[in-house]
Amino acid sequence: WTIKYMEPTRGVDRVVFPGEIVGNVHDRTVPLRFGHGLIQKKDVVIASKAGILRYKTPGIYFTETNQKRYVPSVGDLVIGIIEARKGDEWTVDIGCHQHATLHQIEGFEGATKKNRKIIPVGGLVYARVTVASRDMEPELQCMNSSGRSAGFGPLENGYMFKCSQGLARKCLSANSTILNTLGSYIPFEVAVGINGKIWVNSGSIRETILVTNSIINSEHMDPEQIREMVNTLINT
Amino acid sequence: MSHKRDDPISLNEQQFIKQAIAEQMRIDGRGLYDFRSLKITFGDSFGKVQVQLGRTRILIVTSCEVVEPYPDRPTEGFFHFNINFSPMSSPIFDDSRPDEYGVELGRIIERGLRESRAIDTEGLCIVANEKVWSIRLDIHIIDHCGNLIDCCSIGTITALHHFRRPDLTIQGENVTIHSADDREPVPLSIHHMPICVTFGIFDEGNILVVDPNWKEEKLMSGRITYTLNIHKELCGIQKAGGDSLSMQHILDAAKIAQVKVYELTKAIKQAINNDLEKRGVEQMNAALMVTGIGTQESESGNVNFYDGYKSVSIKQEHIEEQIEIPKFTDTEKDFEEFATYLAQSKVTVVKEEEMKDASLDEMDIDDSEEETTTVL
């Protein structure tokens with residue numbers, strides 16, 4: 001099929017639908033990158049996912065989408081549940097098409113045959129996706145790209161819940177309203193998996209439940225409403 | 001209760017939920033004895049109900065048909081309950097035959113209605129030996145987020161009260177079935193509203209939790225369901241396996257279930273009355289009461305006003321023997337009374353059977369069910 005040349009009529013921060021021609025690349029000297037949800041075919045850029053078209057300053061266009069189903073890609077930080085142990089590897093459920101594998105020795109910093117982390121079946125791990133392809137099992141490691149264990153590894157206690165990817169992405173941003181507002185009242189630790197799983201741990205059960213329900217409810221609220229909601233919840 | 005294909009629950013969540021329940025808290029912020037929010041919406045036709053209990057969602061479609069009765073039961077109509085476990089509701093359902101839980105669910109609902117004589121098959125007779133009504137309820141599970149039993153029970157009784165069958169006139173041998181435009185459709189004779197209240201059992205039988213959601217359902221060590229109506233009549237108890245309960249807990253739970261049934265009945269009647277009002281049909285003869293649980297407006301945009309509107313009154317036929325559950329104050333004595341009550345109700349059923357002199361019915365329900373055995 002051929003692509004008809006169409007003039008894009010509107011700018012950034014608009015809703016785009018799959019198949020919609022978002023723009024044309026006129027000037028090839030300017031370095032532009034097209035990220036999530038955009039496909040470039042010769043000079044034409046087409047949206048492949050429904051979402052809001054965004055632009056980030058060093059020249060990246062992407063669509064801000066929201067879905068519940070997780071499709072793994074390399075470099076994603078995810079929370080997984082240990083399903084089984086097969087020899088030196090763990091089979092981990094990260095909520096995608098297949099279970100991922102996490103090597104007990106190669107996936108951890110400073111682990112050897114004699115000295116390895118013991119995580120029970122059913123335990124939670126915070127890991128990074130190293131191999132992700134639609135035909136293969138994804139692979140994880142509990143280290144960042146330079147081999148440091150920087151916060152990865154098993155998550156103890158606390159409570160985990162599932163959410164949509166949009167909410168997970170919002171929580172991952174540094175100025176996420178909900179986490180900052182909650183943090184000003186309650187001390188808690190949180191691990192956000194881009195696969196739509198969020199882990200929360202706090203001093204008491206009541207606080208953890210409060211944080212969990214606030215985050216879940218904040219998905220479709222704007223910052224003002226979020227602050228109001230947190231205020232009401234804290235005061236009761 | 002676990003299933004290979006279902007979403008796994010991590011150890012962290014398991015520990016957290018059990019600890020929270022031990023501290024009288026639940027993960028969605030409810031109290032131990034709170035139901036999730038109930039939302040009842042009606043479709044365009046009578047008897048089409050969608051019930052949402054929290055995130056659990058079901059759709060019920062009621063239809064009727066004129067059929068021939070069984071030769072050994074010439075004056076009895078039929079009630080068919082068909083539950084369709086859609087795979088889109090939960091990964092544990094696939095297109096195969098319903099599993100143990102599915103069969104149990106169907107039996108609890110049907111038993112709660114038949115054996116308490118809420119549904120009257122004799123009232124469905126048109127011409128003896130030739131024509132009877134067959135009422136069919138198709139329950140579609142759309143979302144399974146825990147406690148399907150209560151959700152289906154609420155939906156079934158709402159659909160039965162909401163449904164209207166075509167009016168008919170009998171002139172000798174000829175039966176004329178009137179269309180909805182011709183004559184206003186007629187309600188079924190449902191005598192009362194038995195509603196199921198399910199408790200999840202935690203902490204080795206020490207803690208009971210009302211309306212468990214799906215995570216709690218997977219972690220509970222047993223389940224007990226009470227079927228009660230607003231007149232304090234116990235229509236059934238179901239406890240299939242699981243951790244044992246002390247008799248104090250069983251009696252306490254029955255009291256809690258009674259309160260819940262009262263609230264639920266108010267909500268259901270309010271919802272039905274609101275919808276019937278929109279359709280221009282005379283409401284059920286229940287006083288409109290303030291409800292605690294939110295009700296939903298009807299979806300039907302068109303309200304039919306019938307010309308030559310004939311007033312239809314809904315008779316509440318009372319069951320002849322209404323055995324009241326005695327107030328539970330003294331455990332030992334009360335438990336004996338409770339046991340005699342159960343024994344009495346069984347005796348009544350047997351007497352009815354002997355009077356009818358019926359042969360074995362395919363849909364006969366096995367009498368040696370859990371409702372007559374007591375847990376000690």
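Residues numbered from 1 in each chain as written. Chains lettered and ligands numbered in written order. Predicted model: local features only at pLDDT ≥ 70, side-chain atom pairs only at ≥ 80, totals over all residues. Heavy atoms only, no water.

1. Looking at the overall build of chain A
In step 1: Looking only at helices and strands, chain A features 4 helices and 16 strands.
In step 2: Expressed as lengths along the three principal axes of its C-alpha atoms, the size of chain A is roughly 60 × 50 × 30 Å.
In step 3: Considering chain A as a whole, with its 236 residues, one finds that 44% of them fall into the buried category.
In step 4: Carbon and sulfur atoms provide 52% of the accessible area of chain A, an area that totals close to 13100 Å².
In step 5: Of the charged side chains in chain A, 27 are positive and 23 negative; the average position of the first set lies 4 Å away from that of the second. (Helix = DSSP H or I, 4+ residues; strand = E, 2+ residues; numbered from the N terminus. Buried < 20%, exposed > 50% of the residue type's maximum accessible area, 1.4 Å probe, protein only. Areas by Shrake-Rupley, 256 points an atom, 1.4 Å probe, with all protein chains shown as cover. Lys, Arg positive; Asp, Glu negative; His and termini not counted. Charge placed at Lys NZ, Arg CZ, Asp CG, Glu CD.)

2. Here's the deal with the packing of aromatic side chains
In step 1: Inspection of every chain in the model, using the stated rule, returns 9 aromatic pairs over all chains.
In step 2: Between the aromatic rings of Tyr55 of chain A and Tyr61 of chain A, the centroid separation amounts to 4.7 Å while the plane-to-plane angle is 50°, which identifies the pairing as tilted.
In step 3: Centre to centre, the rings of Phe85 of chain B and Phe93 of chain B are 4.9 Å apart; their planes meet at 50°, and the pair counts as tilted.
In step 4: The class for Phe85 of chain B is buried, based on a relative accessible area of 11%.
In step 5: On the basis of relative accessibility, which here comes to 6%, the residue Phe93 of chain B falls in the buried class.
In step 6: What links up through ring pairs into an aromatic cluster is the set Phe34, Tyr55 and Tyr61 of chain A.
In step 7: Across from the ring centre of Phe46 of chain B, 5.6 Å away, lies the NZ or CZ of Arg164 of chain B, which sits over that ring. (Phe/Tyr/Trp six-rings, centres within 6.5 Å; stacked < 30°, edge-to-face > 60°. Lys NZ or Arg CZ within 6 Å of the ring centre and 35° of its normal.)

3. So, the interface of chain A and chain B
Note: interface size is frequently given as the accessible area lost on complex formation between the parts.
In step 1: Contacts between the two partners involve 23 residues from chain A and, on the opposite side, 19 residues from chain B.
In step 2: Of all residues in chain A, Tyr159, Ile205 and Ile209 of chain A give up the largest surface area on contact with chain B, accounting jointly for 41% of the area buried on that side.
In step 3: The interface formed by chain A and chain B contains 1 salt bridge.
In step 4: As a salt-bridge pair, Asp7 of chain B and Lys162 of chain A come within 2.6 Å of each other at their nearest N and O atoms.
In step 5: Linking chain A with chain B are 6 residue pairs in polar contact (both at pLDDT 80 or more).
In step 6: At the level of secondary structure, the elements contributing two or more residues to the side of chain A that touches chain B comprise strand 8 (77-86), strand 14 (159-162) and helix 3 (205-217) of chain A. (Contact = heavy atoms within 4.5 Å. Buried area = accessible area lost by both parts, 1.4 Å probe. Salt bridge = Lys/Arg side-chain N within 4 Å of Asp/Glu carboxyl O. Polar contact = N/O pair within 3.5 Å; in protein donor to acceptor, adjacent residues only side chain to side chain.)

4. Description of the nonpolar core
In step 1: Counting residues in each nonpolar core, the largest one holds 69 residues, and the members touching the most others are Ile58, Phe199 and Tyr226 of chain B.
In step 2: Top element by residues in this core is helix 5 (residues 247-279) of chain B. It accounts for 12 residues.
In step 3: The contact partners of Phe199 of chain B, leaving out residues within four places of it in the chain, are Leu208, Val209, Val210, Gly222, Arg223, Ile224, Tyr226, Ala253, Ile256 and Ala257 of chain B.
In step 4: In terms of nonpolar packing, the next biggest core, distinct from the first, is built from 34 residues, Phe161, Val192, Val211 and Ile226 of chain A among them. (Core = buried A, V, L, I, M, F, W, Y, C linked by side-chain atoms within 4.5 Å.)

5. Overview of the sheet that holds strand 16 (residues 197-202) of chain A
Residues and elements named next belong to chain A.
In step 1: Sheet architecture is open: 3 strands sit in the order 14-16-15, paired in antiparallel fashion. Each of the sheet's edge strands pairs with one partner strand only, and the pair in question is strand 14 and strand 15 (188-193). In this sheet, adjacent strand axes meet at a mean angle of 20° when their direction is disregarded.
In step 2: Across 4 bridges, the pairing between strand 14 and strand 16 is antiparallel. Residue pairing in the sheet places Met160 in a bridge with Trp199 of strand 16.
In step 3: In this fold helix 3 packs onto strand 14, strand 15 and strand 16, with an angle of close to 150° to the strand it touches most, strand 16. (Pairing = 2+ DSSP bridges. Axes fitted to C-alpha atoms, helices over the stretch in contact; angles between N-to-C directions.)

6. Describing the pattern of salt bridges
In step 1: Summed over all chains, the structure comprises 21 salt bridges over all chains.
In step 2: The salt bridge involving Asp13 of chain A is made with Arg54 of chain A; its shortest N-O contact spans 2.8 Å. Of this pair, Asp13 of chain A sits in the segment before strand 1 (15-16) while Arg54 of chain A sits in strand 6 (residues 51-56), and the two are 41 residues apart along the sequence.
In step 3: A relative accessible area of 24% places Arg54 of chain A in the partly exposed class.
In step 4: For Arg148 of chain A, the salt bridge goes to Glu109 of chain A, with nearest N and O atoms at 3.0 Å. Here Glu109 of chain A lies in the loop between strand 10 (100-103) and strand 11 (124-131) and Arg148 of chain A lies in the loop between strand 12 (139-141) and strand 13 (153-155), a separation of 39 residues in the sequence.
In step 5: Residue classification places Arg148 of chain A among the exposed residues on the basis of a relative accessible area of 53%.
In step 6: Via salt bridges that share partners, Asp28, Arg30, Arg36 and Asp211 of chain B belong to a single interconnected network.

7. Comments concerning the confidence of the model for chain A
In step 1: Chain-level pLDDT for chain A is 88 on average; 95% of the residues reach the 70-or-more range.
In step 2: Per-element confidence in chain A is highest for strand 16 of chain A, whose mean pLDDT is 95, and lowest for strand 2 (residues 21-24) of chain A, whose mean pLDDT is 82. (pLDDT = per-residue confidence, 0-100.)

8. Remarks on the confidence of the model for chain B
Residues and elements named next belong to chain B.
In step 1: Residue-level pLDDT values for chain B average 78, and 73% of them are 70 or greater.
In step 2: For residues 284-329, every residue scores under 50 in pLDDT, and the model assigns this stretch 90 contacts once sequence neighbours within four places are set aside.
In step 3: Note on residues 347-376: pLDDT under 50 across the span, and 44 contacts to partners over four residues away in sequence or across chains.
In step 4: For this predicted complex, the interface score ipTM comes out at 0.87, alongside a pTM of 0.77.

9. Some details on unusual backbone geometry
All names here are of chain B.
In step 1: We note that Asp211 has phi near 55°; this positive angle belongs to a residue other than glycine.
In step 2: Within the secondary structure, Asp211 sits in the loop between strand 12 (207-210) and helix 4 (214-219).
In step 3: Asp211 sits in the buried class, given a relative accessible area of 0%.
In step 4: A positive phi angle is found at Lys232, which is not glycine, with a value near 60°.
In step 5: Relative to the assigned elements, Lys232 resides in the loop between strand 13 (223-228) and strand 14 (234-238).

10. So, a nonpolar patch on the surface
In step 1: Together, Val12, Val30, Leu32 and Tyr55 of chain A make up an exposed nonpolar region whose accessible area comes to about 310 Å².
In step 2: Considering the arrangement of structural elements, one finds Leu32 of chain A in the loop between strand 2 and strand 3 (33-34). (Patch = residues over 30% accessible without salt bridge, like charges linked within 9 Å, V, L, I, M, F, W, Y side chains within 5 Å.)

11. Some details on the sheet that holds strand 4 (residues 38-41) of chain A
Residues and elements named next belong to chain A.
In step 1: Spatial ordering of the open sheet is given by 2-5-4, a layout of 3 strands whose pairing is antiparallel. Of all the strands in the sheet, just strand 2 and strand 4 have a single pairing partner and so form its edges. Sheet twist, expressed as the average angle between the axes of neighbouring strands with direction ignored, equals 25°.
In step 2: Looking at chain direction, strand 2 and strand 5 (residues 44-47) are connected through 3 bridges and run antiparallel.

12. Comments concerning the pairing of strand 14 of chain B
Residues and elements named next belong to chain B.
In step 1: In terms of residue burial, strand 14 counts as a mostly covered element, since 5 of its 5 residues are buried.
In step 2: Bridging between strand 13 and strand 14 involves 4 bridges; their strand directions are antiparallel. Along strand 14, the bridge assignment pairs Thr225 with Gln238.
In step 3: Between strand 13 and strand 14, which follow one another and run antiparallel, lie 5 residues, and Lys232 among them has a positive phi close to 60°.

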